[in-house]
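Structural description and commentary
Single-letter residue listing:
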Amino acid sequence: MTDLVTSAQMRAIERTAFESGVVTGLDLMERAGEGVVAAIQMRWPDAQRVTVLCGPGNNGGDGFVVARLLREAGCAVRVLAAAVPDRMPPDAAENARRWLEAGVILPLTRKTLNDPDWGRSDLYVDAIFGTGLSRPPKGDIASVLLRLGGASGDGEYYSNRLVAIDAPSGLCLDSGRILLAGESVPHAALTVTFHCLKAGHVLSRGPEVCGEVVVHDIGLEPWLRNRKGMNSQEFAWFMAGRTPPLGLVSPLPFERMNADARVGSFMIEALNKFGRLSEETHKYTYGHALVLTGGMGRTGAARLAARAALRVGAGLVTLGAPGGAMLECAAQITALMLRRVEGGGDLAALLGDPRITALCLGPGMGVERAAEMLAVVREGGVKPHPTVVVDADGLTALGPVAAPLPPGWVLTPHGGEFARLFPDLAAKLTAPADTGPAYSKVDATREAAARAGCVVLFKGPDTVIAAPDGRAAVHAATGARAVPWLATAGAGDVLAGLIAGLCARGLGGFEAACAAAWLHVEAARAFGPGLIAEDLPEALPGVLRALG
Ligand SMILES: NC(=O)C1=CN([C@@H]2O[C@H](COP(=O)(O)OP(=O)(O)OC[C@H]3O[C@@H](n4cnc5c(N)ncnc54)[C@H](OP(=O)(O)O)[C@@H]3O)[C@@H](O)[C@H]2O)[C@H](O)CC1
Ligand SMILES: [K+]
């Protein structure tokens, strides 16, 4: 897990770094510009003619550094800017003046962009807005951005040579939502960001519009490691700006994580715990997961979930099936156990066994049966409570969540299910974004977890996992980790089974949901196209072996 930050948190880091006196804003801006130029030179070593588009803030300031450094490297550089230096923040203004020592600034308009006397550029650098985008761009800036985005039918031309500093302008770096009105939004070939990824790079439309994303180190790490040198007021302020933490699910070893990866450890801990096998163990050491099935002809989803729970290392996995489905289940399983769970009374009796440490409730159950079983675990006073993974029909049976559920639950909705469970939050998420930072999937999932009083895993290519205490993480199956072939019937049942299996082994719901999201996608990547849900549990041993 690595840290993701919001724009406000990045500003807090940056500002506190300046105030500590270790670095200046000009140092950081110069390093930011150097990082962009290095990334450009590596990918486009032959670029000769470059247009740099500078906005009114520090993102524009980075643009002026890039323009100057490219000019010094021998490129013909043209700068179009939205503001005169005197109206820019001090560091940006200083870099605009340095550029003016041997260059000119043209107005940032569509007419200048298309000036036939200049013609086409090999590269366009978008330094219009970064973390400071606060509202939808209008007027000349919007017109330029829409042109870059292909409003005149040449979107592909620009997207192949557009380098975005921090973000393609119009992208909200907190939410990954687009604040620019209109269909034609700029798509960058390369986005260079600083210090760490921002939430908007991995959420919603971020991955689509950012292209390749490079994180350039601008030297904040030493300061972050030394931040205990701050006085307590500074430290309290800094922490307030960073709380609650947001992680990006990845199994990076510690050395490669940000020095400040306070939340970073949970994925590692989760996987270490998974790998830790004590010498004296028996099957109950690794927990017992109970997976409830539907009736005859509807047991496949639960069998998939159960197989996944077993493969991910639960010591025992039992299918709880109604009498009429027992034969069907028995004919199709080997290592799984089978118990008759006809009605709520049977479940209550089974859960009296404290060795059952996780329950998977929903896949293929049918809404009526799911509702009956939910009532048992909700009100039955089962002690100790197993972790309950509620998925599919279980979520439908739950209906809108107005009050806290038992704390040991994990809800795993996709978009449609989320809208049924939390209609007001889903409405906020789909309402047009007209101010920045826009309401994000992280905001919605955090609110949902707080309201439900339990862990919520909101599925998607950008899966967000949140706990009621405010911890949250994004699991991004985008870019190089995109697995379009995972959109196959039964894949969600496997994910529910993985979470239940990891919970059965003793992982907390939040850690289990993070680790399961990662393992699910890795299993799909390992198998490749042509995957069907049955293949996922079978691909898991290879993924686990590769983890070492
Ligand atoms: N993070 C770091 O360590 C470093 C970041 N750098 C770069 O700085 C930018 C952030 O700079 P900032 O000045 O905070 O923000 P922006 O440049 O993105 O934009 C702010 C200005 O833009 C105006 N604005 C915002 N939205 C609009 C709009 N829709 N239309 C017109 N103008 C808009 C905003 O005006 P306000 O009225 O909202 O105040 C500001 O004038 C970061 O992204 C990095 O690229 C440092 O250079 C290096 C270190
Ligand atoms: K930008």
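Residues numbered from 1 in each chain as written. Chains lettered and ligands numbered in written order. Predicted model: local features only at pLDDT ≥ 70, side-chain atom pairs only at ≥ 80, totals over all residues. Heavy atoms only, no water.

1. Description of the overall build of the protein chain
Cut-off, in case you're wondering: To qualify as a helix, a DSSP run of H or I must reach at least 4 residues; to qualify as a strand, a run of E must reach at least 2; elements of each kind are numbered from the N terminus. Only protein chains enter the accessibility calculation, which uses a 1.4 Å probe; a residue is then buried when its area is under 20% of its type maximum, exposed when over 50%, and partly exposed in between. It only takes one pair of heavy atoms within 4.5 Å for two residues to be counted as in contact. Shrake-Rupley sampling with a 1.4 Å probe provides the accessible areas, and residues are treated as covered by the protein chains on show and by no other component.
Scanning the protein chain for helices and strands turns up 23 helices and 18 strands. Looking at the protein chain residue by residue over its 548 residues, the buried ones come to 58%. Long-range contacts, defined as pairs at least 24 residues apart, comprise 72% of the intrachain contacts of the protein chain with a sequence gap of at least 6. Within the structure as shown, the protein chain displays about 21,600 Å² of accessible surface, and the carbon and sulfur contribution to it stands at 54%.

2. Let's talk about the site of ligand 1
Heads up, the rule is: Whether a residue is near a molecule or strand is decided by its heavy atoms; if any one of them lies within 4 Å of it, the residue is near. Any pair of N or O atoms that falls within 3.5 Å is considered a polar contact. Within protein, one atom must be able to donate a hydrogen and the other to accept it, and sequence-neighbouring residues count only if both atoms are side-chain atoms. Gly counts as polar in this scheme, as do all residues outside two lists: the nonpolar Ala, Val, Leu, Ile, Met, Phe, Trp, Tyr, Cys and Pro, and the charged Asp, Glu, Lys and Arg.
The immediate surroundings of ligand 1 are formed by 22 residues, with Asp62, Gly130, Ser134, Arg135 and Asp166 found nearest. At 2.6 Å, a backbone N or O of Gly130 approaches an oxygen atom of ligand 1. For ligand 1, whose accessible area on its own is 940 Å², the fraction buried by protein is 80%. Of all elements in the fold, only α1 (7-19), α2 (25-43) and α3 (58-72) reach the threshold of two or more residues within the shell around ligand 1. With 3 residues, α3 is the largest single contributor of residues to the shell around ligand 1. Of the residues in the shell around ligand 1, the class split is 11 nonpolar, 7 polar and 4 charged.

3. Some thoughts on the domain arrangement of the protein chain
Interface size, as often reported, equals the accessible area lost upon joining of the parts. Rules: Either an automatic procedure or a domain database provided the assignment from which the domain bounds are taken. Defined in terms of a 1.4 Å probe, buried area is the accessible area two parts forfeit on being brought together, summed over both. One speaks of a salt bridge when a side-chain nitrogen belonging to Lys or Arg is within 4 Å of a carboxyl oxygen belonging to Asp or Glu.
Per the domain assignment, the segments making up the protein chain are domain 1 (24-218) and domain 2 (284-543). Here domain 1 packs against domain 2, burying approximately 1,100 Å² in sum over the two surfaces, 61% of which is carbon and sulfur. Looking at the side of domain 1 facing domain 2, the largest losses of area belong to Arg177, Val202 and Leu203, adding up to 47% of the total buried there. Our count for the contact surface shared by domain 1 and domain 2 stands at 0 salt bridges. Our enumeration of links across domain 1 and domain 2 arrives at 5 residue pairs in polar contact (both at pLDDT 80 or more). Partitioning the side of domain 1 that touches domain 2 into residue classes produces 7 nonpolar, 3 polar and 3 charged.

4. Points about helix α6 (residues 139-148)
Burial within α6 is extensive, with 7 of its 10 residues counted as buried. Ile141, Ala142, Val144, Leu145, Leu146, Arg147 and Leu148 are the residues of α6 that are buried. For α6, the elements touching its buried residues are β2 (49-54), α5 (110-113), β5 (123-127), α7 (155-159) and β6 (162-165). Directly beyond the C-terminal end of α6, a positive phi value near 105 degrees is found at Gly150.

5. Section: the UniProt feature "binding site: K(+)" (unreviewed entry) in the protein chain
Here is the rule we go by: UniProt positions are given in the numbering used here, feature names are shortened, and annotations may be inferred rather than shown by experiment.
UniProt tags Asn59, Asp126 and Ser169 as "binding site: K(+)" (unreviewed entry). Of the residues just listed, which span 111 residues, no C-alpha pair is farther apart than 9.8 Å, and they cluster in one region. Residue classification places Asp126 among the buried positions, given a relative accessible area of 0%.

6. Topic: the sheet that holds strand β4 (residues 105-107)
Quick reminder of the rule: For two strands to count as paired, DSSP must find a minimum of two bridges between them. Throughout, an axis means a line fitted to C-alpha atoms (over the contacting stretch in the case of helices), and angles, computed between N-to-C directions, take values from 0 to 180 degrees.
With parallel pairing, 7 strands are arranged side by side in an open sheet as β4-β3-β2-β5-β6-β7-β8. Looking at the sheet topology across the chains shown, the edges are occupied by β4 and β8 (212-216). Each neighbouring strand pair of the sheet contributes to a mean axis angle of 25 degrees, computed without reference to strand direction.

7. Concerning the pattern of salt bridges
Across all of its chains, the model carries 21 salt bridges by this definition. A salt bridge links Arg68 to Glu30, with the nearest nitrogen and oxygen atoms 2.9 Å apart. With Arg68 in helix α3 and Glu30 in helix α2, this pair connects stretches of sequence that are 38 residues apart. The class of Glu30 is buried, set by a relative accessible area of 19%. The salt bridge partner of Asp393 is Arg298, with a shortest N-O separation of 3.4 Å.

8. Observations concerning the nonpolar core
So the rule is basically this: Remark: nonpolar core denotes a set of buried residues (Ala, Val, Leu, Ile, Met, Phe, Trp, Tyr, Cys) joined through side-chain atoms within 4.5 Å.
Within the largest apolar cluster, 60 residues are counted, with the highest numbers of intra-cluster contacts made by Ile465 and Ile499. For this core, the secondary structure elements donating two or more residues are β10 (288-292), α13 (300-311), β11 (316-321), β13 (356-361), β16 (455-458), α21 (491-504), α22 (509-527) and α23 (535-547). Excluding anything up to four places from it in sequence, Ile499 contacts Val389, Val410, Thr412, Leu457, Ala512, Ala513 and Ala516. Counting residues in each nonpolar core, the second largest holds 50 residues, with Leu4, Leu398, Val401 and Val474 among its members.

9. So, the pairing of strand β14 (residues 387-390)
Operational definition: Whether a crossover is right-handed comes down to one check: with the strands pointing away from the viewer, does the path from the first strand over the helix to the second run clockwise; if it does, it is right-handed.
By the alternation rule, side chains of β14 split into Thr387 and Val389 and Val388 and Val390, which are all buried. Alignment of β13 against β14, held across 4 bridges, turns out to be parallel. Following the sheet pairing, Ala358 is matched in β14 by Thr387. Sheet topology places β14 next to strand β15 (residues 409-411); 3 bridges connect them, and they run parallel. Bridging across to β15, Val389 finds its partner in Val410. Following the backbone out of β14, through helix α17 (residues 393-398) and into the adjacent parallel β15, one traces a crossover that is right-handed.

10. Details of the packing of aromatic side chains
Rule in force here: Within 6.5 Å between ring centres, the rings of Phe, Tyr and Trp (the latter by its six-membered ring) count as paired, and their orientation is classed by plane angle as stacked under 30 degrees, edge-to-face over 60, tilted in between.
On inspection of all chains with the given rule, the structure shows 5 aromatic pairs. With a centroid separation of 6.3 Å and an interplanar angle of 75 degrees, the aromatic rings of Tyr124 and Tyr157 are classed as edge-to-face. Here Tyr124, found in strand β5, pairs with Tyr157, found in helix α7; they are 33 residues apart in sequence, far enough to count as distant. Accessibility classification places Tyr124 together with Tyr157 in one group, the buried group. Between Tyr157 and Tyr158, the ring centres sit 5.1 Å apart and the planes meet at 75 degrees, which makes this aromatic pair edge-to-face. Note on accessibility: Tyr157 and Tyr158 belong to one class, buried.

11. A few points about helix α4 (residues 90-100)
How we decide: The reported arc concerns the directions from the helix axis to the C-beta atoms and nothing else.
Within α4 the residues assigned to the buried category are Ala92, Ala93, Asn95, Ala96 and Trp99. Taken around the axis of α4, the buried residues stretch over an arc of 165 degrees, which confines them to a single face. Contact partners of the buried residues in α4: α2, α3, β3 (76-81) and β4.

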